[in-house]
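# Topology and contacts: notes
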Amino acid sequence: MDTYLTTMQILGLAIGGMCHSLLGSIKVPLANKLNIKEDKVGALVSAFGFTMIPMAFVAGIMADEIGRELVMGIALGIMICSVLVLANAKTYIAAVIAVLLLGTGWSALVNVLNALQGPAFLPFFGEDTPLSSAMNLGDFVFGAGAFVMPIATAFLLAKVGLKKTFTWFAVLMAISLVSVFFVNWELLKPDTTKVIDDWLTVLLTDSVVLICCIAFFFHVPTEACVALWATTLMKDRGVTDGKASTLLSVFWLVFTVSRLVAALLMPAGMDHTILIVLAVTCTAATLGLALSRSQQITVGWIILLGAIMGPIFPILIAQLLGHVGENIDEQLIGRAIGLFFCIGGIGWALMPLIAGKVAAKASVQKAFFLISVGAACLTVLTIILSKQAI
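Here's what I pulled together on the structure shown here. (Residues numbered from 1 in each chain as written. Predicted model: local features only at pLDDT ≥ 70, side-chain atom pairs only at ≥ 80, totals over all residues. Heavy atoms only, no water.)

Here the focus is the overall build of the protein. Helix and strand counts for the protein stand at 16 helices and zero strands. By the compact-globule yardstick of 21 Å for 390 residues, the protein fits well, its C-alpha radius of gyration being 20 Å. Dimensions along the principal axes, computed over C-alpha positions, put the protein at roughly 60 × 50 × 35 Å. Here the protein holds 390 residues, and 53% of them are scored as buried. (Helix = DSSP H or I, 4+ residues; strand = E, 2+ residues; numbered from the N terminus. Rg over C-alpha atoms; globule rule 2.2 N^0.38 Å. Buried < 20%, exposed > 50% of the residue type's maximum accessible area, 1.4 Å probe, protein only.)

In a regular helix each residue adds 1.5 Å, so 30 residues correspond to 44 Å; helix 7 (residues 131–160) covers 42 Å between its end C-alpha atoms and thus fits that length. At Val-148, helix 7 is bent by approximately 30°, the largest bend along its length, and proline Pro-150 sits one to four residues beyond. At the exit of helix 7 stands Gly-161, carrying a positive phi of roughly 90°. (Expected span 1.5 Å × (residues − 1). Bend = angle between axes of the 7 residues up to and from the residue.)

What follows deals with empty space enclosed by the protein. Taken as a whole, this structure holds one cavity of 30 Å³ or more when the rule is applied. Here the largest cavity defines a volume of roughly 50 Å³. Forming the boundary of the largest cavity are Leu-23, Ile-26, Lys-27, Leu-30, Ala-31, Ile-36, Val-41, Leu-44 and Val-45. Of all the secondary-structure elements, those providing two or more residues to the lining of the largest cavity are helix 2 (22–34) and helix 3 (38–66). At five residues, the largest contribution of residues to the lining of the largest cavity is made by helix 2. Grouping the amino acids of the lining of the largest cavity by side-chain chemistry returns eight nonpolar, no polar and one charged. (1 Å grid on protein atoms, 1.4 Å probe; cavity = no way out; pocket = protein on both sides within 12 Å on 5 of 7 lines; lining within 4 Å. Points joined across faces, edges and corners; volume = space filled by probe spheres on them. Nonpolar A, V, L, I, M, F, W, Y, C, P; charged D, E, K, R; others polar.)

The subject of this paragraph is the pattern of salt bridges. For the structure on display, the rule yields four salt bridges. Glu-65 is the partner of Arg-335 in a salt bridge, and the nearest nitrogen-oxygen pair spans 2.4 Å. Placement of Arg-335 in helix 15 (residues 333–361) and of Glu-65 in helix 3 is noted, with a sequence separation of 270 residues between them. The class for Glu-65 is exposed, based on a relative accessible area of 54%. (Salt bridge = Lys/Arg side-chain N within 4 Å of Asp/Glu carboxyl O.)

This part is about the nonpolar core. Of all hydrophobic cores here, the largest spans 130 residues; its most connected members are Leu-320, Phe-340, Phe-341 and Phe-368. When sequence neighbours within four positions are dropped, the list of residues in contact with Phe-341 reads Met-52, Ala-56, Asn-114, Phe-216, Phe-313 and Ile-317. (Core = buried A, V, L, I, M, F, W, Y, C linked by side-chain atoms within 4.5 Å. Contact = heavy atoms within 4.5 Å.)

Estimated volume of the second largest pocket: approximately 710 Å³. Elements that contribute at least two residues to the lining of the second largest pocket include exactly helix 5 (92–115), helix 6 (117–121), helix 7, helix 12 (271–291) and helix 14 (312–328). For the lining of the second largest pocket, the leading source of residues is helix 14, giving eight residues.

Next up on the list: the environment of Gly-126. In this fold, Gly-126 is placed in the loop between helix 6 and helix 7. With 178 residues separating them in the primary sequence, Gly-126 and Leu-304 have C-alpha atoms 30 Å apart.

Now for a nonpolar patch on the surface. Among the surface-exposed residues, Val-58, Met-62, Ile-66, Leu-70 and Ile-74 lie close enough to one another that they form a single nonpolar patch of about 370 Å² accessible area. When contributions to the nonpolar patch are tallied by element, the ones reaching two or more residues are helix 3 and helix 4 (68–88). With three residues, helix 3 is the largest single contributor of residues to the nonpolar patch. (Patch = residues over 30% accessible without salt bridge, like charges linked within 9 Å, V, L, I, M, F, W, Y side chains within 5 Å. Areas by Shrake-Rupley, 256 points an atom, 1.4 Å probe, with all protein chains shown as cover.)

Time to look at the environment of Leu-247. In this structure, Leu-247 sits in helix 11 (residues 241–265). Accessibility expressed as a relative area gives 15% for Leu-247, which makes it buried. Those residues in contact with Leu-247 that sit more than four places away from it in its chain are Met-234, Val-239, Val-299 and Ile-303.

Here we come to the environment of Trp-252. Residue position: Trp-252 is located in helix 11. With 54 residues separating them in the primary sequence, Trp-252 and Asp-198 have C-alpha atoms 41 Å apart. If we ignore the near neighbours within four places in the chain, the residues touching Trp-252 are Phe-147 and Ala-227.

Time to look at unusual backbone geometry. Although it is not a glycine, Asn-35 adopts a positive phi angle of roughly 60°. Overall, the relative accessible area of 70% leaves Asn-35 in the exposed class.

The next thing to look at is the packing of aromatic side chains. With the rule as written, the count across this model stands at 14 aromatic pairs. Put simply, the rings of Phe-216, Phe-313, Phe-340 and Phe-341 pair up and form one aromatic cluster. In this structure, Arg-335 packs its charged tip against the face of Trp-199, placed 4.7 Å from the ring centre. (Phe/Tyr/Trp six-rings, centres within 6.5 Å; stacked < 30°, edge-to-face > 60°. Lys NZ or Arg CZ within 6 Å of the ring centre and 35° of its normal.)

Take the packing of helix 10 (residues 207–236) against helix 13 (residues 295–309) next. Viewed as axis vectors pointing N to C, helix 10 and helix 13 meet at an angle of 155°, and their least axial separation amounts to 11 Å. What the angle tells us is that helix 10 and helix 13 run roughly antiparallel. Handedness of the helix 10/helix 13 crossing: left-handed. Residues His-219, Thr-222, Glu-223, Val-226, Ala-230, Leu-233 and Met-234 of helix 10 lie in contact with helix 13, whose contacting residues are Thr-298, Val-299, Ile-302, Leu-305 and Met-309. (Axes fitted to C-alpha atoms, helices over the stretch in contact; angles between N-to-C directions. Parallel < 35°, antiparallel > 145°, perpendicular 65-115°, else oblique. Left-handed = near helix turned anticlockwise from the far one by under 90°.)

Given a rise of 1.5 Å per residue, 21 residues ought to cover 30 Å, and the 30 Å separating the end C-alpha atoms of helix 4 matches this to within 8%. When helix 4 is considered as a whole, its buried residues turn out to be Arg-68, Val-71, Met-72, Gly-73, Ala-75, Leu-76, Met-79, Ile-80, Ser-82, Val-83, Leu-86 and Ala-87.

Looking at where Ser-179 falls in the secondary structure, it is placed in helix 8 (residues 162–180). Ser-179 has contacts with Met-8 and Leu-11, leaving out every residue within four places of it along the chain.

Written out as C-alpha cells, the structure is:
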C-alpha cells in the first residue's frame, strides 16, 4: 500500500466533497456581500454544474495524455485561485469567474480521483474484493467532506468572517497540492503504450461503456431532484422549516454512511445484482413520494432514498472502470471517466429543469412521477448491463 497515495486521495476527496457543497454553504453571506438576489445565486450554482459538462471531458483527455499528476496539480492550483478570487470578489462578474474556475478545477480533480480509487483503497480490503468497495469507501470520504462543509463554514463565518473562511479553505487545498508531490506516480502509469487514435469511437461503440454513461444520465438528476425538493415535499405535508432542515441533514448522513456500509459489506461478484435491487427500490421510492399523502410516509421515503441512492454511483462507475481497464485499454480510463461525467452532467442539467417546469405548472409532488420514470430507465439499463457483463 502506498501511504502517500492514500493520504493524497483522502485529502483530495474531502476537498472535492467540500467544494461540492461550498456554494450552498456560503450563498447567504456571499449574496449579502455582493448585494445580489436569489436568482443570481442560483445562476452561480448552475454555472458550477454546467462547467462540469465540457471540462470533465477535457480533463479526461488531459489525464490520459499528459499524466494524472500534472492534471491534479493544475486542478488544485486552479481551485486555490478560484477560492481566493471568490474571497476578494466585490462584483457579481468576479464571483461568476471564480465559480467557473472552481467548476473547471473540480471537474479535473474528480476525474483523477475516481481513476485512483482502486490503487488507493483496495489494499485496505482482502483478496477478491470488488472495485466497487474501493469506490464506495472513497465516495464515503467525499460525502463526509460535503457533510462537514456547511458545519465548518457556519463556525468559521461566525468566528472570522467570509474572507478568512475562504482563505482557510485555500490553505487546506494547498496542503492537498503538496501531497501530490510525494506520490510515486510511475507505479500508477498504464503498462501499455500503444496509440489509440479512434478512442472516442472505441468508447462510444462499446455497449457496456454506453450503458454505464446513459445509466448515470438518469441516476444523477434523480439524486439531485430528491435533494433539491425533499424539504419542499416535507413542508407540504406539514413538517416545520426547522424539522425539515434537520431531516434533510439526516438524509445526507444516511446517504453518506450507506456508502461506507456498501464498501465494508459488498460481496464479491454481487455488484450487478445489488445495483439492480437498488435501482428497483429507487423507482419504487420515488413513485411512493409522488403518491404519498402522509407526513410520516413522505419522510420515510426520503430517508430510505438516502440509503438507496448512496451506493449507486460508486457501483456504476466501478463497472465502467473495471470494464475499460480489463476489456478495452487502461490508457482510456481518464477519457471514459470524462465521457461518463459529461453525459451524466447533461442529465444533471436537464432533468431538474424539466421537473421544475412540471412542478411550477402542477406541483413538486407531481414532478416526482417524472423523476420515477428516470429511475425506471435506470433500472432497465442496470438489467441490460448485467446481461452484457455475463
